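What follows is the residue order along each chain.
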Amino acid sequence: MAESESGADKSEEPTEKRLRESRDKGQIARSRELNTLVVTLAGVGALLATGGSLGNSMLEIMRGSFSLTRSAIMDESSMTTGLLGASYMALEAIAPLIVVLFIASIIGPIGLGGWLFSAKAMAPKFSRMNPLAGLKRMFSVKALVELLKALGKFTVILVVALVVLAMDRDDLLAIAHEPLESAIMHAAQVVGWSALWISLGLILIAAVDVPFQLWDNKQKLMMTKQEVRDEYKDSEGKPEVKQRIRQLQREMADRRMMQAVPEADVIITNPTHFAVALKYDPTKGNAPVLLAKGSDFTALKIREIGQEHKVMLLESPALARAVFYSTELDQEIPAGLYLAVAQVLAYVYQIRQYQAGKAKRPGPLPDLPIPPDLRRDE
């Protein structure tokens, strides 16, 4: 089981956040042996596929380079022309091989870990220039594994190469007795197939290295229980910080709510425990809207602001509790309270008419019809 720098066991699987951050930093599983295998096999395969045309191109270059006419010998510019022609022919011959190797060099790295471009991974790290850190890496477990892989690779390739040379011994000796053209073609064929068999030996190294790289990368990303808890706190927010944020949000909402109280048509009270401020604007909606509500201290503050701005205060405990529990801020009251609130607004209108000297003083506010499902008794 892996251990952290503090000595704690890394027993927890890496979280999605940890995996995402490591990928952003370029810390993913990579296998150089897999890259080498893919590039080598692709190159050998391309060499076998294009070996015939490549050999013919070599013959043409040799013929053109060693077969010179008298006029070409006397012409000072013929050497430049011949060199350019031979270079163009050689480039045209090896172009398919270069293209295949280029594609393989891209496919190899993304075969394990996928495509990744990380600017953080490309940034210079001055910590790598620390001699002590370098010595620590040299004598680490990873360095030992790399050494064993190198020895294993050397041993496997050596054994495969000796077997291939033993099998191709007769062909290699026969090349010396063949004409030039057939010797070149035969040599290219022998080299191609020998390289293919040697390259296949790298499969054994890659088969060991790929699982090890996946395991090693996972071990690096493993987390301690404390790291998981700390990450959860960072992502979800520390309890005291979240509580403070909620408190600030409530204070901001209360301030906005208190600023809307002067716009209310009526404030219905309990009279002391609850207070709700309603406004009815027929141009904006079909029902009155709750501008503010509160209990105890907040209710007292709503009444004080309403009195300062001469908003009508009416006492109706049952209706105040019903609106308080059934309606959210800036929402219309439920349909069950339409009739009761309509009677309240009509009573407010009559009071204002009386205060303006245009009507008689109205009687007390009648009992308001509140449906049983909306009634809340203290």
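Note that the coordinates shown come from a computational prediction; the quantities given were computed from them, not determined experimentally.

Trainee: Outline the packing of helix α2 (residues 32–66) against helix α9 (residues 180–200), listing residues and values.
Mentor: A pair of packed helices can be characterised by two numbers: the angle between their axes and the separation between those axes. Their axes nearest at 9 Å, the elements α2 and α9 cross at an angle of 175°. In this view, α2 runs roughly antiparallel relative to α9, as classed from their interaxial angle. Across the interface between the two elements, L37, T40, L41, V44, L47, L48, G52, G55, N56, L59, M62 and R63 from α2 touch L180, E181, I184, M185, G192, W193, A195, L196, S199 and L200 from α9.

Trainee: An account of the pattern of salt bridges is needed here, citing residue identities and associated values.
Mentor: This model, assessed by the stated rule, comprises two salt bridges. Residue K153 pairs with E33 through a salt bridge whose shortest N-O separation is 2.9 Å. One end of the pair, K153, is in helix α7 (residues 141–167); the other, E33, is in helix α2, with 120 residues separating them in the sequence. Taking relative accessible area as the criterion, K153 reaches 24% and is therefore assigned partly exposed. What makes E33 buried here is its relative accessible area of 7%. Of the charged contacts in the structure, one is a salt bridge between K220 and D216, with a shortest N-O distance of 3.4 Å. Remark: D216 and K220 occur in helix α10 (residues 202–221); sequence separation between them is four residues, near one turn of the helix. Judged by relative accessible area, K220 falls into the partly exposed class, the value being 45%. Overall, D216 belongs to the buried group, its relative accessible area being 14%.

Trainee: Before we move on, can you summarise the nonpolar core with the specific residues and values?
Mentor: Soluble globular proteins tend to pack their nonpolar side chains together in the buried interior. Grouped together as the largest cluster of nonpolar side chains are 27 residues, with contacts concentrated most on V266, I268, L278, L319, L337 and V344. Those elements giving two or more residues to this core turn out to be β1 (266–269), β2 (274–279), β4 (312–315), α14 (317–326) and α15 (338–355). Of all hydrophobic cores here, the second largest spans 14 residues; its members include M257, I267, A299 and V311.

Trainee: An account of the packing of aromatic side chains is needed here, citing residue identities and associated values.
Mentor: Under the definition given, this model contains four aromatic pairs. Aromatic pair F212 and W215: ring centres 6.1 Å apart, planes at 35°, arrangement tilted. Taken together, the positions of F212 and W215, both in helix α10 and three residues apart, correspond to about one turn of that helix. Among the aromatic residues, ring-to-ring pairing joins F274, F324 and Y325 into one connected group. One residue, K293, lies across the ring of F324, its end atom 5.1 Å from the ring centre.

Trainee: Before we move on, can you summarise the side chain of N217 with the specific residues and values?
Mentor: By secondary structure assignment, the location of N217 is in helix α10. The residues touching N217, leaving out its near neighbours within four places in the chain, are Q27, I28 and A29.

Trainee: Tell me about the confidence of the model for the protein chain, and please be specific about residues and values.
Mentor: On average, residues of the protein chain carry a pLDDT of 78, and 85% of them reach 70 or more. Across the protein chain, element-level confidence peaks in β2 with a mean pLDDT of 89 and bottoms out in helix α5 (residues 119–122) with 55.

Trainee: Let's hear about the UniProt feature "transmembrane region" (unreviewed entry) in the protein chain: which residues, and what values?
Mentor: Mapped onto this numbering, the UniProt entry gives "transmembrane region" (unreviewed entry) at residues 34–54, 93–118, 139–167 and 187–212. In this annotation, residues 34–54 is assigned 100% helix and 0% strand; the end-to-end C-alpha distance for the span is 27 Å. When the span residues 187–212 is considered, its composition is 96% helix and 0% strand, and the gap between its end C-alpha atoms is 38 Å.

Trainee: Could you give an account of the packing of α9 against α10, naming the residues involved and the relevant values?
Mentor: Close contact between α9 and α10 brings their axes to 4 Å; oriented N to C, the two are set at 25°. Judged on the interaxial angle alone, α10 and α9 are roughly parallel. From α9, I198, S199 and L200 reach across to α10, where they touch L202, I203 and L204. Each residue belonging to the contact of α9 with α10 can be placed in one class, and the counts come to five nonpolar, one polar and no charged.

Trainee: Break down the sheet that holds β2 for me, citing the residues and quoting the values.
Mentor: What the four strands build is an open sheet, ordered β3-β2-β1-β4; its pairing is mixed. One side of each edge strand has no neighbouring strand; the edge strands of this open sheet are β3 (289–295) and β4. Taken pair by pair, the neighbouring strands of this sheet meet at an average axis angle of 20°, ignoring direction. As paired strands, β1 and β2 are joined by four bridges and run antiparallel to one another. Note on β2: the bridge partner recorded for T269 is A275. In the packing of α14 onto the sheet, contacts are made with β1, β2, β3 and β4, and the angle to β2 comes to roughly 75°. Where α15 meets the sheet, it contacts β1, β2 and β4, and its direction lies at approximately 130° from that of β4.

Trainee: How would you sum up α7? Please name residues and give values.
Mentor: An α-helical turn contains 3.6 residues, so any two residues separated by three or four positions project in the same direction. Over its 27 residues, α7 extends 39 Å from the first C-alpha to the last, a length consistent with the 39 Å expected when each residue adds 1.5 Å. Buried within α7 we find V145, E146, K149, V156, A161 and V164. Lining the buried residues of α7 we find α2, α9 and α10.

Each value, and the rule that gives it
Residues numbered from 1 in each chain as written. Predicted model: local features only at pLDDT ≥ 70, side-chain atom pairs only at ≥ 80, totals over all residues. Heavy atoms only, no water. Axes fitted to C-alpha atoms, helices over the stretch in contact; angles between N-to-C directions. Helix = DSSP H or I, 4+ residues; strand = E, 2+ residues; numbered from the N terminus. Parallel < 35°, antiparallel > 145°, perpendicular 65-115°, else oblique. Contact = heavy atoms within 4.5 Å. Salt bridge = Lys/Arg side-chain N within 4 Å of Asp/Glu carboxyl O. Buried < 20%, exposed > 50% of the residue type's maximum accessible area, 1.4 Å probe, protein only. Core = buried A, V, L, I, M, F, W, Y, C linked by side-chain atoms within 4.5 Å. Phe/Tyr/Trp six-rings, centres within 6.5 Å; stacked < 30°, edge-to-face > 60°. Lys NZ or Arg CZ within 6 Å of the ring centre and 35° of its normal. pLDDT = per-residue confidence, 0-100. UniProt positions renumbered as here; feature names shortened; annotations may be inferred. Nonpolar A, V, L, I, M, F, W, Y, C, P; charged D, E, K, R; others polar. Pairing = 2+ DSSP bridges. Expected span 1.5 Å × (residues − 1).

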